[in-house]
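Residue-level structure breakdown
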Amino acid sequence: SLQIGTSASPVSGTIFITALVFCLLLLAWGRNAFSDVELLQNVLTGTCVAVSAANDLSQDCKALQLCGIPPRSGFVAQLIGGLAGSIVVPCALYVADDAYGLGTERLIAPQGQMFATLVDGLLLAAKVPFKPVAVGIGIGVVGVLADFLVSRESIQIPAMAMAVGLYLPASLGMGILVGSLCRFAGEQVRMCTKSSNEAFLRTHESILAASGLITGSAFLDLCLGIGVLAGFSTEQLSLFTTSGEEGKAPLPEVLQTVLAIIGIAALGAISFFNSLNGIADHTVENGKGGGSLQAGPGASMM
């Protein structure tokens, strides 16, 4: 859960392009030693903070505008959030790295590994496997063209989702797929059971529920990480075993599989229920601002 993020803005793509440009500039200047990576790291860190802050500000201001609230009314909250984030985020990264190890099997970092591959292959080794890169570019072009063509039929197959699915581990990708299918099923049932006025209007409570699950799980991971730094062993939370460990109750593998399926089904049911019974999209006129709020997929991600 510490690895998953959802955004309507291509922050990681912007940072990736920045890293690519700076790597090429350093190569042109002959600065491709390992000591030069520290310079690149500082530049990318500053760029990442600036892009992320700009992304957050733009999305929040747009959300305020959609609700008919003057964006200036949110400046104080933005300032408080920026100051709090500058304190909380470094602490969270410290706990995550020291307790679990960023980039390890316990806390994999697919984006970090992607950037490390770029820096190591392009800057340090000055050797890039152009064939895989060319294949990736070709797949990306096909994905974008396909998204553009089917968008004329009101169908969405976003290329960004395909790109995320390529570098995220399969364990996360399967969870996203199952959750998406459960939401889709809920929307289809809604179309068959609701009145004609509401049947084709989307609901977004399932996205909010999924965001809550991700945030809650990440918060629990951080709390456990603090405990690990204080000397607590997470193995103490394991009460059952399928491999005959001493001091733990035996649990047949079949029962373990059944319990896992029940847990996945329960999470899928949350997505299905929220998609089926959520509040449908509608237009709300705001008397003060004179604007309107049209809920939609983009707004739901803010």
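Criteria and thresholds
- Residues numbered from 1 in each chain as written.
- Predicted model: local features only at pLDDT ≥ 70, side-chain atom pairs only at ≥ 80, totals over all residues.
- Heavy atoms only, no water.
- Helix = DSSP H or I, 4+ residues; strand = E, 2+ residues; numbered from the N terminus.
- Contact = heavy atoms within 4.5 Å.
- pLDDT = per-residue confidence, 0-100.
- Expected span 1.5 Å × (residues − 1).
- Core = buried A, V, L, I, M, F, W, Y, C linked by side-chain atoms within 4.5 Å.
- Buried < 20%, exposed > 50% of the residue type's maximum accessible area, 1.4 Å probe, protein only.
- Salt bridge = Lys/Arg side-chain N within 4 Å of Asp/Glu carboxyl O.

In this section: the side chain of E187. Along the chain, E187 falls in helix α7 (residues 170–193). When sequence neighbours within four positions are dropped, the list of residues in contact with E187 reads R202, T203 and S275.

Glancing now at the confidence of the model for the protein. Here the protein averages 78 in pLDDT, and 87% of its residues register 70 or above. The secondary-structure element of the protein with the lowest mean pLDDT is helix α10 (residues 297–300), recorded at 37, while helix α9 (residues 253–277) shows the highest, at 90. A low-confidence stretch, residues 1–6 (pLDDT under 50), is modelled with 16 contacts involving residues beyond four sequence positions or located in other chains.

The periodicity of an α-helix, 3.6 residues per turn, causes residues three or four positions apart to be oriented the same way. The terminal C-alpha atoms of α9, which comprises 25 residues, lie 36 Å apart, in line with the 36 Å expected from a rise of 1.5 Å per residue. Elements in contact with the buried residues of α9: α7 and α8 (205–229).

Now for the nonpolar core. By size, the foremost hydrophobic cluster in this structure holds 13 residues, and its most contacted members are A19, C23, L40, V119 and L123. Where this core is concerned, the elements lending two or more residues are α1 (11–28), α2 (36–66) and α4 (110–124). Not counting the four nearest positions on each side in its chain, L123 is found in contact with C23, L26, L27, R31, N32, V37, L40 and L118.

This structure, assessed with the given rule, holds one salt bridge. Note that R183 and E187 form a salt bridge whose closest N and O atoms lie 3.2 Å from each other. Of the two residues, R183 and E187 both sit in helix α7, four residues apart, roughly one turn of that helix.

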